[in-house]
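Chain by chain, the residues:
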Amino acid sequence: MKQYLLSVYPAAAQPDASPEAMQTIYRDVDALNSELQTAGAWVFAGGLHPESTASVVRLKDGEVLTTDGPFAEGKEHIGGFWVIKAEDLDAALAWAAKATRACAAPIEVRPFEDEPS
Amino acid sequence: MAAVESGEIERVFREEYGRAVAVLVRGFGDIDLAEEAVQEAFTVAVQRWPATGLPPSPAGWIITTARRRAIDRLRRDAARQGRHATAALLHAGSEPTEEGPVQDDRLSLIFTCCHPALATDVQIALTLRLLGGLTTVEIARAFLVPEATMAQRLVRAKNKIRAAGIPYRVPAADELPGRLRAVLAVVYLVFNEGYRASSGDALARDELCTEAIRLGRLLADLLPDEPEVVGLLALMLLSESRRLTRTTPEGDLVLLADQDRARWNRELIDEGQALVRSCLRRNRPAPYQIQAAINAVHSDAPTAGATDWRQILQLYDQLLLVAPTQVVALNRAVALAEVEGAAPALAAVDRLGLDGYYLFHAIRADLLSRLNRNSEARRAYGAALALVSNAVERTFLERARGALPA
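Rules behind the numbers
- Residues numbered from 1 in each chain as written.
- Chains lettered and ligands numbered in written order.
- Predicted model: local features only at pLDDT ≥ 70, side-chain atom pairs only at ≥ 80, totals over all residues.
- Core = buried A, V, L, I, M, F, W, Y, C linked by C-beta atoms within 7 Å.
- Buried ≥ 20, exposed ≤ 12 C-beta atoms within 10 Å, placed from the backbone.
- Contact = placed C-beta atoms within 7 Å.
- Helix = DSSP H or I, 4+ residues; strand = E, 2+ residues; numbered from the N terminus.
- Axes fitted to C-alpha atoms, helices over the stretch in contact; angles between N-to-C directions.
- Parallel < 35°, antiparallel > 145°, perpendicular 65-115°, else oblique.
- Left-handed = near helix turned anticlockwise from the far one by under 90°.
- Nonpolar A, V, L, I, M, F, W, Y, C, P; charged D, E, K, R; others polar.
- Pairing = 2+ DSSP bridges.
- Expected span 1.5 Å × (residues − 1).
- pLDDT = per-residue confidence, 0-100.
- Arc of directions from axis to C-beta.

Chemist: Report on the nonpolar core, specifying residues and quantitative values.
Modeler: Among the nonpolar cores identified, the biggest contains 128 residues, and L24, V38, V187 and A234 of chain B are the most heavily contacted of them. Ignoring sequence-local partners within four residues, the contact set of A234 of chain B consists of G272, L275, V276, C279 and A292 of chain B.

Chemist: I'd like a description of the interface of chain A and chain B, backed by residues and values.
Modeler: Between chain A and chain B, the residue contacts involve 6 residues of the former and 6 residues of the latter. Among the elements that make up the side of chain A that touches chain B, the one with the highest residue count is helix α3 (residues 89-103) of chain A (3 residues).

Chemist: How would you explain the packing of helix α10 (residues 202-222) of chain B against helix α11 (residues 227-240) of chain B if you had to name every residue and give the values?
Modeler: All names here are of chain B. In the contact formed by α10 and α11, the axes pass within 9 Å of each other and the chain directions differ by 150°. Overall, the two elements α10 and α11 adopt an arrangement that is roughly antiparallel. Here α10 and α11 pass one another in a crossing that is left-handed. Contacts from C209, A212, I213, G216, R217, L219 and A220 in α10 reach V229, V230, L232, L233, M236, L237 and E240 in α11. Considering only residue class, the contact of α10 with α11 consists of 11 nonpolar, 1 polar and 2 charged.

Chemist: An account of the sheet that holds strand β2 (residues 42-47) of chain A is requested, with residue identities and associated values reported.
Modeler: Residues and elements named next belong to chain A. Strands sit in the order β2-β5-β1-β6 across an open sheet of 4 strands; the sheet is antiparallel. The two strands at the open ends of the sheet, each matched to only one other strand, are β2 and β6 (107-111). Direction aside, the axes of adjacent strands within the sheet are offset by 20° on average. Bridging between β2 and strand β5 (residues 80-86) involves 5 bridges; their strand directions are antiparallel. For W42, the partnering residue across the bridge sits in β5 and is I84.

Chemist: Any chance you could break down the environment of D32 of chain B for me, citing the residues and the numbers?
Modeler: Counting through the fold element by element, D32 of chain B comes out in helix α2 (residues 31-52). Residues D32 of chain B and V21 of chain B, spaced 11 residues apart in sequence, show a C-alpha to C-alpha distance of 9.5 Å.

Chemist: Go over helix α6 (residues 120-131) of chain B with me, naming the residues and quoting the values.
Modeler: All names here are of chain B. Compared with an ideal rise of 1.5 Å per residue, which puts 12 residues at 16 Å, α6 spans 16 Å between its outermost C-alpha atoms and is within 8% of the ideal. Burial analysis of α6 places 10 of its 12 residues in the buried class, the great majority of the element. Regarding α6, the residues found buried are V122, Q123, I124, A125, L126, T127, L128, R129, L130 and L131.

Chemist: Give me the lowdown on the confidence of the model for chain B, citing residues and values where you can.
Modeler: Caution applies to low-pLDDT regions: their predicted coordinates should not be interpreted in detail. Residues and elements named next belong to chain B. Mean pLDDT for chain B: 90, with 93% of residues reaching 70 or above. Per-residue pLDDT, averaged within each element of chain B, yields its smallest value for helix α4 (residues 83-93) (60) and its largest for helix α13 (residues 287-300) (98). Below a pLDDT of 50 lies the segment residues 96-103, which in the model reaches 7 contacts outside its immediate sequence neighbourhood of four places, other chains included. For this predicted complex, the interface confidence reaches an ipTM of 0.85, while the overall pTM sits at 0.87.

Chemist: Tell me about helix α14 (residues 309-322) of chain B, and please be specific about residues and values.
Modeler: All names here are of chain B. With 14 residues, α14 extends 20 Å between its outermost C-alpha atoms, agreeing within 8% with the 20 Å of an ideal straight helix rising 1.5 Å per residue. Those residues of α14 that sit buried are I312, L313, L315, Y316 and L319. Seen from one end, α14 has its buried residues packed into an arc of 160°, which puts them on one side. The secondary structure elements touched by the buried residues of α14 are α13 and α15 (326-340).

Chemist: Let's hear about the pairing of strand β4 (residues 63-68) of chain A: which residues, and what values?
Modeler: Residue and element names in this part refer to chain A. Taking burial as the measure, the 6 residues of β4 include 0 buried ones, a minor fraction of the element. For strand β3 (residues 55-60) and β4, the ladder comprises 6 bridges, and the chain directions are antiparallel. Across the sheet, the residue bridging to L59 is V64, located in β4. Here β3 hands over to β4 after 2 residues, with D61 in that stretch at a positive phi of 50°.

This is the structure we're talking about:
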């Protein structure tokens, strides 16, 4: 089994979803999470607060420097993610297809480097 | 035993390279290892076969030799690095030694190469490399990109297949239609790249047409119940039958109406038309089959004047139903001009929003000149010339504009 990161990019799809639309998304994502768990594909998942809550820590001249705001400039930030187990990319893409429907947002699929032992 | 010509080994290479790579990819799960081993096996063949003659089954010999080379290589790696290569070796050792359903391996590999998670230009390069055995240099030359760019494209693609876990298998029935469309699109893009009249490298282009038809035949063998696979093969064969008459020895473009029909390749036409008839019997029309049927009607006409344009127009109407695109509507207008005249055809063309497409302006120009609206025709040729990128087509359009009455 390989592991994949499924990242949700909400800004590109729905900048201002209505409360009703958000309720639908929460419900659909819950249902998908249950399905992932039942199928044994679940590793971890979570939604994130907006990028305005982010901080960046880095080394500068040997000193730790902390700055406010997200690392990447621009509009598209991860809104949440799943880590899943899947047999191959086709299986991961099938989960991503369900995820993009549930979140109403594009999903980026990336393989993890190491296979779990 | 008779000596083997080097041309014969070349032929075996072209026919069996993809098969051998596909079998080894299945066995070892590693594209680079498979390619390397198969190339080494052919190197041995080139040294040995001229003296020994062809083995009874050249493909079997290549696969067996390549598999031994791959196992040797894994043993060496295992001795050096231990764990990982040993695992691959165990995996390979568990494979059955007989060749099994060899053709399915090529089919799996072509679906890997044309996986939707790979960009189209990557799909094309991988398919030509792994199934056609074209070298990186050959592919780069055919697509007019620097060799280093093509090499990098192939390395990245193989890394993605490995890292992302793109599977080697024929998709399940529910996915097959969509995935097969991508495969057919790649094969047809390869063919068109070769078919385009161009002042570029003629040999590289021949190679692309030959390879596309080879892949088309392979797919038709492996998926005989898919009418679009058969339709695409027929379309390519019928187009190929005219390829040598499409340009003059000086490299100038010759329109269908002006081609020397005696020089059309009869054998390819017969084969293509037989395939079109088999598609008609199946009666599951779709774009490639209908385009093949249109080409079959052209192939039937002993002279351009004898062309059954009514039937061609009907086929375009049918094509518009299954592929309602502006480009199809533009091509339909060309047939309409032959059936109903230039005026209704021009009216149909003017309804299209294809302002950025050079053929839209070229066809408008031709229709306008037929209606003696020469100054408008001149402007339309100018618009076409501003958009055309192919040098051969540019020359053709410049001549057509120059031939307009003052």
